[in-house]
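Listed below are the residues making up each chain.
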Amino acid sequence: MQCKPGGNVNTDMVNLSITEVYELSLDVLSRNGFSTAHAKAIAQTITAGQRDDCQSHGMYRLLACVRTLQSGLVDPEALPIVTHPTAAVVQVDAQRAYSLLAFQEGLPHLVDKAKRNGVAVLAINNCFHFSALWPEVEAIAQHGLAGLAMTPSHSWVAPAGGTRPVFGTNPLAFAWPRPGPYPYVFDFATSMVARGEIELHRRTGRAIPEGWAIDAQGRPTTDAAAGLAGAMLPFGTYKGSALSTMIELLAGPLIGDWTSMQSQAHDAGKGGTPLHGELVIALDPNILGRGLAQANADAAEAMLDAISGQGARLPSERRFKARAKSEQEGVWVGRALYDEIRSLGSLKTQG
Ligand code: NDP
Ligand code: PYC
């Protein structure tokens, strides 16, 4: 048990260093049967989420990873198979394991191909997918490339004007390389919020804002459980609906993989993590920018400065601040979640 900053003993929260988050995650995943390679890849992304204060995709996700494993859906050991259909395309078959090892395997090829061709595509297939996408586009931007990533999930979201779920929560992430440590990054669900955010409201007994979901009868609801049982709503009405449709098509049929409706049907009520594909695109400004690399980078910076210069915040600014703070002070995790994670089979304890 640790003291909250300010000195009060708070038994409802547990303080963990980033290393402790990683070790606990690795321990839980390994004890529950994931191979070392998968456990490491998953633990890294979960640790990054917790470190950056992305509560819906941090340690909370360990519960779903283990639940999906225990329900016999995900392969905890399968190794990704990398193929090279063309000079600009790398395809990685995750073989029904989680997506993160497949991304790690595909990334060096994606970067290499983008730097040779100006643009390259990484298609990940047959992957169970639970993670935030910003770690992936950030990794692309670290190589001086712009990155885009998108994925379907389970059909939980009704189209604008409808009441029955069709789309997944379908995240779209983008990164642009900048001077200094942090790229420009956004990464959001094309539903009003990630489903994980509504699940966290349900777990902690909080109402959801109106506009996030409708109940099973198609009526607006602020009850998290009723919203989860009904349908979530897209952001930006028909615009979010259209973006979500694009993601279904590009990260589904385009790359020979499933839509969110197919993923949901395969799950057949087991409540596992979605199974589908992921589309990742890398673009090289040095090849596409007509030899004007410095002028182009300056123009990009002037535009981004014009946003933050008037007090509007850039996406990921909050997350980067949280990262710096977590690196200094560690992270605070709710005691109930911490205990539930430990009960998944870890011997590591605190407090
Ligand atoms: P948000 O609605 O919080 O949107 C997140 C993005 O918007 C972040 O880049 C965030 O930056 C930025 N942002 C938030 N508020 C502002 C603001 N006021 N001004 C400027 N930018 C802002 O999160 P979501 O619930 O939509 O998504 C959360 C995560 O869930 C994502 O990382 C996504 O990848 C993940 N997800 C994964 C899915 C999957 O299938 N694998 C499915 C759905 C979601 P900041 O972080 O700095 O606040
Ligand atoms: O929070 O919407 C979500 C989500 C779906 C799959 C992984 N996260």
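The name an unreviewed UniProt entry gives the protein chain is Oxidoreductase, with Achromobacter spanius as the organism. UniProt, in the comment section headed Sequence similarities (unreviewed entry), describes the protein chain in these words: "Belongs to the LDH2/MDH2 oxidoreductase family."

Caption draft 1: Geometry of the sheet that holds strand E7 (residues 184–189). In spatial order, the strands read E2-E3-E4-E10-E5-E6-E7; together these 7 strands make up an open sheet with mixed pairing. Edge strands, defined here as strands with exactly one partner in the open sheet, are strand E2 (81–86) and E7. Strand-to-strand twist in this sheet, taken as the mean axis angle between neighbours without regard to direction, amounts to 15 degrees. By the bridge criterion, 5 bridges tie strand E3 (residues 89–93) to strand E4 (residues 119–128) in an arrangement that is parallel. In the sheet register, Gln 91 faces E4, and the bridge partner there is Ala 123.

Caption draft 2: Layout of the pairing of E4. In terms of burial, E4 is largely enclosed, as 7 of its 10 residues are buried. For the segment spanning E3, helix H4 (residues 99–117) and E4, crossover handedness is right-handed. When E4 meets strand E10 (residues 275–283), the two strands line up antiparallel, connected through 8 bridges. Its bridge partner lying in E10, Cys 127 is registered against His 276.

Caption draft 3: Structural detail: the domain arrangement of the protein chain. Looking at the protein chain, the domain boundaries give domain 1 (13–71 + 326–345) and domain 2 (81–191 + 234–289). One C-alpha centre belongs to domain 1, the other to domain 2; they are set 23 Å apart. Counting residues at the interface gives 20 residues for domain 1 and 15 residues for domain 2. Considering only the side of domain 1, the residues that lose the most area to domain 2 are His 38, Thr 45 and Thr 68, jointly responsible for 33% of the buried surface there. The interface formed by domain 1 and domain 2 holds 3 residue pairs in polar contact (both at pLDDT 80 or more) in total. When residues of the side of domain 1 that touches domain 2 are traced back to their parent elements, those giving at least two are helix H2 (36–51) and helix H3 (61–70). With 10 residues, the single largest contributor to the side of domain 1 that touches domain 2 is H2.

Caption draft 4: Region of interest: the site of ligand 2. Inspection of the region around ligand 2 gives His 57, Arg 61, His 129, Phe 130, Trp 156, Thr 169, Ala 194, Arg 195 and Gly 196 as its neighbouring residues. The contact in question runs from a nitrogen atom of ligand 2 to an N or O atom on the side chain of His 57, over 2.8 Å. Contact distances for ligand 2 include 2.8 Å between an oxygen atom and a backbone N or O atom of Arg 195. For ligand 2, whose unbound accessible area comes to 240 Å², protein coverage reaches 91%. Grouping the amino acids of the shell around ligand 2 by side-chain chemistry returns 3 nonpolar, 4 polar and 2 charged.

Caption draft 5: Just the packing of H4 against helix H5 (residues 134–141), in detail. Contact geometry of H4 with H5 gives a least axis separation of 11 Å together with a crossing angle of 20 degrees. In terms of their interaxial angle, H4 and H5 are classed as roughly parallel. Pair H4 / H5 crosses with right-handed handedness. Facing Leu 100, Phe 103, Leu 107 and Leu 110 of H4, the residues of H5 in contact are Glu 136, Ala 139 and Ile 140. Residues belonging to the contact of H4 with H5 are distributed by class as follows: 6 nonpolar, no polar and 1 charged.

Caption draft 6: Highlighting the nonpolar core. Judged by nonpolar contacts, the single largest core of 34 residues is most densely connected at Leu 16, Leu 29, Phe 34, Ile 42, Met 59, Tyr 98 and Ile 341. Those elements that provide at least two residues to this core are strand E1 (13–16), helix H1 (18–31), H2, H3, H4, strand E11 (331–334) and helix H13 (335–342). Discounting chain neighbours no more than four positions away, the residues touching Ile 42 are Leu 29, Phe 34, Cys 65, Tyr 98, Leu 100 and Phe 130. Grouped together as the second largest cluster of nonpolar side chains are 30 residues, Cys 54, Trp 134, Ala 139 and Ala 141 included.

Caption draft 7: Structural detail: the packing of aromatic side chains. Enumeration over the complete set of coordinates arrives at 9 aromatic pairs. Ring geometry for Tyr 98 against Phe 128: centres 6.3 Å apart, planes inclined by 70 degrees, an arrangement best described as edge-to-face. Here the residue Tyr 98 occupies a position in the loop between E3 and H4, and Phe 128 occupies one in strand E4, the gap between them amounting to 30 residues. Here Tyr 98 falls in the buried class, since its relative accessible area comes to 1%. Judged by its relative accessible area of 1%, Phe 128 falls in the buried class. Here a set of aromatic residues connected by ring pairs shows up, and it is made of Phe 174, Tyr 184, Phe 186, Phe 188 and Phe 235.

What counts and what doesn't
- Residues numbered from 1 in each chain as written.
- Chains lettered and ligands numbered in written order.
- Predicted model: local features only at pLDDT ≥ 70, side-chain atom pairs only at ≥ 80, totals over all residues.
- Heavy atoms only, no water.
- UniProt positions renumbered as here; feature names shortened; annotations may be inferred.
- Pairing = 2+ DSSP bridges.
- Helix = DSSP H or I, 4+ residues; strand = E, 2+ residues; numbered from the N terminus.
- Axes fitted to C-alpha atoms, helices over the stretch in contact; angles between N-to-C directions.
- Buried < 20%, exposed > 50% of the residue type's maximum accessible area, 1.4 Å probe, protein only.
- Right-handed = clockwise from strand over helix to strand, strands pointing away.
- Domains from an automatic or database assignment.
- Contact = heavy atoms within 4.5 Å.
- Buried area = accessible area lost by both parts, 1.4 Å probe.
- Polar contact = N/O pair within 3.5 Å; in protein donor to acceptor, adjacent residues only side chain to side chain.
- Near = heavy atom within 4 Å.
- Areas by Shrake-Rupley, 256 points an atom, 1.4 Å probe, with all protein chains shown as cover.
- Nonpolar A, V, L, I, M, F, W, Y, C, P; charged D, E, K, R; others polar.
- Parallel < 35°, antiparallel > 145°, perpendicular 65-115°, else oblique.
- Left-handed = near helix turned anticlockwise from the far one by under 90°.
- Core = buried A, V, L, I, M, F, W, Y, C linked by side-chain atoms within 4.5 Å.
- Phe/Tyr/Trp six-rings, centres within 6.5 Å; stacked < 30°, edge-to-face > 60°.

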